[in-house]
Amino acid sequence: MSSATKDKKLAAQVEKIVAVTPIHDVHTHLYAPAFGELLLYGIDELLTYHYLIAEGFRYFDLPYKKFWALTKTQQADLIWDELFIQHSPVSESCRGVLTTLNALGLDVKKRDLKGVRKWFATQKPDAYTTRCMELAGVKSICMTNSPFDDLERPVWEKGFSGDSRFVTALRIDPLLLDWSNTAPKLAQWGYNVTSEISAKTVEEVRRFLREWSKRMGARYVMVSLPPDFKYPAQTVCNQLIEGAVLPHCRETGLPFALMPGVTRAVNPQLKLAGDGVGLTDLKFLTNLCAQYPDNKFLVTILARENQHELCVLARKFRNLHVFGCWWFNNIPLLIEENTRMRLELLGLSVTPQHSDARVLDQLIYKWRHSREVITNVLVDKYADLARTGWEPTKVEIERDVALLFGGAFEKFLKG
Ligand code: RAT
Ligand code: ZN
């Protein structure tokens, strides 16, 4: 067989394996159908995704307030008109809507928003969840679960029947980043805390973490961090991390997931769409990994310029697992760059992607687009190996892809 034919065969094999390997989506903002209205899906939710709202305002000629006063359907109409009709939908988030509609069997070339709406109105959450997961090739979805969310908390308190398609993660941003407003809430919920960080308060925060991790069956504890986060430092946040979060994670074996690099509300007028990115000094992560070898850290980072340093850190600390191309990194250009860099520096001990989907149907495009890029990178890597005479077998490729799509993450969780 000529080497060109061999290369083609290898590429087709990798493509097929990547296409059929089920994915464990390790970070999303999706909810199981039992959470009712918290599970978002359908064309109006797709069009009013905050990534698209930010893009819409590049063109809108209307005050922010007026936009927010519109109904969801009116906002979706406006975004559709500006981002799909007045301009070609070339951005990643716009293209994503079309990939999703196309995969669902809807004819996008008609540009028929009303018809698309009609179709979505007939979908039932439970069956539609299964359909989207099948089309995305996703086997399990990790939610972002917050006891501080007033709509979500009552669902947990009341209880609901489990859904094996969904797993949970305990999100604690308000606890660590907004203690002055969170302490009174904890006190109201029966935890004996004060705004001053006393030994009793730390103990009670640990009890809070213990109780909520257990109630949710959380697989990890997660926080997003501003670019100027430091550790160690004399801050309430660090006192809580040191006294409560890290001991809790050690006691339960749960990883602490950190998402550094987000500057919240750079433009508050844009609400959820108004957050930005900043360069992080990763010294804090070196310190955490070195000082707490018995803690596990899951990390995804927002600034492109931080990606290389993060990989190098992961080479130094095996209690650090790198995952996902987060938010502004979730574009083909950066998925490709990050995935290449990670494979070249870390081999298969990474989780190249998570979807961060907020709307169920987004699973379809986020994973189709990522799979395409990951395939290309893997084809190149295996072809490089083949040129040395090391021809990967089908079983080896299947094993590797399974690691990238959740297997390495699971191992890290269990390890
Ligand atoms: O990607 C997003 O949707 C962001 O708004 C954030 O939610 C981010 O992913 C986060 O988890 O903080
Ligand atoms: Zn997220």
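Residues numbered from 1 in each chain as written. Chains lettered and ligands numbered in written order. Predicted model: local features only at pLDDT ≥ 70, side-chain atom pairs only at ≥ 80, totals over all residues. Heavy atoms only, no water.

(A) Fine view of the nonpolar core. Formed by 113 residues in total, the largest nonpolar core has its most connected members in Ile172, Phe256, Leu258, Leu285, Phe297 and Leu320. At eight residues, the largest contribution of residues to this core is made by helix 17 (residues 362–386). The contacts of Phe256, once residues within four sequence positions are left out, are Ile172, Leu176, Val221, Val223, Ile241, Val245, Leu246, Cys249, Lys296, Phe297 and Leu298. With 19 residues, the next largest nonpolar core counts Tyr220, Phe323, Trp327 and Leu413 among its residues. (Core = buried A, V, L, I, M, F, W, Y, C linked by side-chain atoms within 4.5 Å. Buried < 20%, exposed > 50% of the residue type's maximum accessible area, 1.4 Å probe, protein only. Helix = DSSP H or I, 4+ residues; strand = E, 2+ residues; numbered from the N terminus. Contact = heavy atoms within 4.5 Å.)

(B) Region of interest: the packing of aromatic side chains. Applying the stated criterion across every chain yields a total of 26 aromatic pairs. Each ring, one from Phe57 and one from Phe67, has its centre 5.2 Å from the other, and the planes form 70°; the classification is edge-to-face. Taken together, the residues Phe57 in the loop between helix 3 (50–56) and helix 4 (64–69) and Phe67 in helix 4 connect sequence positions 10 residues apart. Judged by relative accessible area, which is 14%, Phe57 ranks as buried. For Phe67, a relative accessible area of 0% corresponds to the buried category. (Phe/Tyr/Trp six-rings, centres within 6.5 Å; stacked < 30°, edge-to-face > 60°.)

(C) Representation of unusual backbone geometry within the structure. Note that the residue after Tyr231, namely Pro232, is joined by a cis bond; omega there is 0°. Locating Pro232 in the fold gives a position in the loop between strand 4 (218–225) and helix 13 (236–252). Backbone geometry at Lys271 places phi at a positive 50°, although glycine is not the residue there. You can see Lys271 is positioned in the loop between strand 6 (262–263) and strand 7 (276–277). Overall, the relative accessible area of 49% leaves Lys271 in the partly exposed class. Backbone geometry at Asp356 places phi at a positive 60°, although glycine is not the residue there.

(D) Main features of empty space enclosed by the protein. Scanning all chains against the criterion turns up one cavity of 30 Å³ or more. Roughly 60 Å³ of internal volume is contained in the largest cavity. The wall of the largest cavity is formed by His24, Asp25, Val26, Ser140, Cys142, Val167, Arg219, Tyr220, Phe409 and Glu410. Of all the elements in the fold, those that place two or more residues in the lining of the largest cavity are strand 1 (23–25), strand 2 (138–142), strand 4 and helix 18 (394–414). Taken together, the residues that form the lining of the largest cavity break down as five nonpolar, two polar and three charged. (1 Å grid on protein atoms, 1.4 Å probe; cavity = no way out; pocket = protein on both sides within 12 Å on 5 of 7 lines; lining within 4 Å. Points joined across faces, edges and corners; volume = space filled by probe spheres on them. Nonpolar A, V, L, I, M, F, W, Y, C, P; charged D, E, K, R; others polar.)

(E) Inspection of the side chain of Thr182 at higher detail. Looking at the element boundaries, Thr182 is found in helix 11 (residues 179–188). Of note is the side chain of Thr182, whose polar atom sits 2.8 Å from the backbone oxygen of Pro174. Not counting residues up to four positions away in its chain, the partners in contact with Thr182 are Phe148, Pro174 and Leu175. (Polar contact = N/O pair within 3.5 Å; in protein donor to acceptor, adjacent residues only side chain to side chain.)

(F) Looking closely at helix 1 (residues 3–20). Here helix 1 is 18 residues long and its end C-alpha atoms lie 26 Å apart, about the 26 Å a rise of 1.5 Å per residue gives. Regarding helix 1, the residues found buried are Leu10, Val14, Ile17 and Val18. What you see down the axis of helix 1 is that its buried residues fit within an arc of 95°, all on one side. The exposed set on the far side of helix 1, more than 90 degrees from its buried face, consists of Ala4, Lys8, Lys9, Lys16 and Val20. At its buried positions, helix 1 is contacted by helix 17 and helix 18. (Expected span 1.5 Å × (residues − 1). Arc of directions from axis to C-beta.)

(G) Layout of the coordination of the zinc ion (ligand 2). Protein ligation of the zinc ion (ligand 2) involves His27 (NE2), His29 (NE2) and Asp356 (OD), the donor distances falling in the range 2.0 to 2.2 Å. Motif for the zinc ion (ligand 2), donor spacing along one chain: H-x1-H-x326-D. Highlighted residues: His27 in the loop between strand 1 and helix 2 (43–47) and Asp356 in the loop between helix 16 (332–346) and helix 17, separated in sequence by 329 residues. Among the residues examined, Asp356 registers a relative accessible area of 6% and is labelled buried. (Donors = N, O, S within 2.8 Å, 3.2 Å for Na, K, Ca; no water.)

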